[in-house]
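So the chains spell out like this:
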Amino acid sequence: SYNPAENAVLVNTDADGGTYELFIIPKDAASKNDAQPASDPEAKRGSGCCAAFVARNRFAVLDKASHQIVIKNLRNEVTKKCAPPCASTDAIFYAGTGSLLCRSDDK
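**Observations regarding the sheet that holds strand β8 (residues 78-82)**
Next, step 1: Taken in spatial order, the four strands make up an open sheet running β5-β6-β7-β8, and their pairing is antiparallel. Looking at strand neighbours, the two that pair on one side only are β5 (50-55) and β8, the edges of this open sheet. Adjacent strand axes in the sheet meet at a mean angle of 25° when their direction is disregarded.
Next, step 2: As paired elements, strand β7 (residues 68-73) and β8 share four bridges and run antiparallel to each other. Note that in β8 the partner of valine 70 across the bridge is lysine 81.

**A closer look at unusual backbone geometry**
Next, step 1: The residue asparagine 7 is not glycine, and still its phi comes out positive at about 55°.
Next, step 2: Tracing the chain through its elements places asparagine 7 in the loop between β1 (2-3) and β2 (8-13).
Next, step 3: Unusually for a residue other than glycine, asparagine 76 sits at a positive phi of about 70°.
Next, step 4: Position of asparagine 76 among the secondary structure elements: in the loop between β7 and β8.

**Quick word on the packing of aromatic side chains**
Next, step 1: For the coordinates displayed, the defined rule picks out two aromatic pairs.
Next, step 2: On the numbers, 5.6 Å between centres and 65° between planes, the contact of tyrosine 20 with phenylalanine 59 is edge-to-face. Here tyrosine 20 is found in strand β3 (residues 19-24), whereas its partner phenylalanine 59 is found in strand β6 (residues 58-63), with 39 residues between them in sequence. Summarising the burial analysis for this pair, tyrosine 20 and phenylalanine 59 share the class buried.
Next, step 3: Where phenylalanine 53 meets phenylalanine 59, the ring centres are 6.2 Å apart and the plane angle is 70°; that geometry is what we call edge-to-face. Each of the two residues, phenylalanine 53 as well as phenylalanine 59, counts as buried.
Next, step 4: One aromatic cluster is present, formed by Tyr20, Phe53 and Phe59 through successive ring pairs.

**With respect to the state of the cysteines**
Next, step 1: Across all of its chains, the model carries zero disulfides by this definition.
Next, step 2: Between cysteine 102, a free cysteine, and cysteine 82, which holds the nearest cysteine sulfur, the sulfur-to-sulfur gap is 8.3 Å.

**Examining the pairing of β7**
Next, step 1: With respect to burial, β7 is a largely interior element, five of its six residues being buried.
Next, step 2: Of the strand pairs in this sheet, β6 and β7 are connected by six bridges, and their pairing is antiparallel. Each bridged residue has a counterpart across the sheet, and for leucine 62 the counterpart in β7 is isoleucine 69.

What counts, and at which threshold
- Starting afresh in each chain, residues are numbered from 1 along the sequence in its written order.
- Per-residue local features are limited, in this predicted model, to residues with pLDDT of at least 70; the limit for side-chain atom pairs, both in listing and counting, is 80 or more; totals at the level of whole chains, interfaces and linings are taken over all residues.
- The basis for every side-chain value is the complete set of heavy atoms in the structure, and neither hydrogens nor water enter the calculation.
- Strand pairing is assigned whenever DSSP identifies at least 2 bridges connecting the two strands.
- Secondary structure is summarised from DSSP: a helix means a run of H or I of at least four residues, a strand means a run of E of at least two, and numbering begins at the N terminus for each.
- Between the N-to-C directions of two axes lies an angle of 0 to 180 degrees, each axis being a line fitted to C-alpha atoms and, for a helix, fitted only over the stretch in contact.
- Under the pairing criterion, centres of Phe, Tyr and Trp rings, with the six-membered ring standing for Trp, must be within 6.5 Å; the plane angle then separates stacked pairs below 30 degrees from edge-to-face pairs above 60, leaving the rest tilted.
- Only protein chains enter the calculation, and the probe is 1.4 Å; a residue is then buried if its accessible area is under 20% of its type maximum, exposed if over 50%, and partly exposed in between.
- Throughout, disulfides are identified as pairs of cysteine sulfur atoms within 2.5 Å of each other.

This is the structure in structure tokens:
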């Protein structure tokens, strides 16, 4: 998931029950006139099966272990927690600013 306003990238993996990495890429890293190569951005990591941006400076993480959706800021700090609409929610997706699409296998 890419956030163009903050030049941030979220990468999800299924390893270890689900993890994510948040990379904030410096805006001047893309400049071609720099004499020095840009340093690698440091990743902020966390556990959760899915992560998606929900606002310019916020992203959501589905924590299956605690059955919660956790909203975090770009410093990877928790700002809010809430229960998913269905207890068996197994994935979340961006669905517009401030909204998430929740997937569940319930029929």
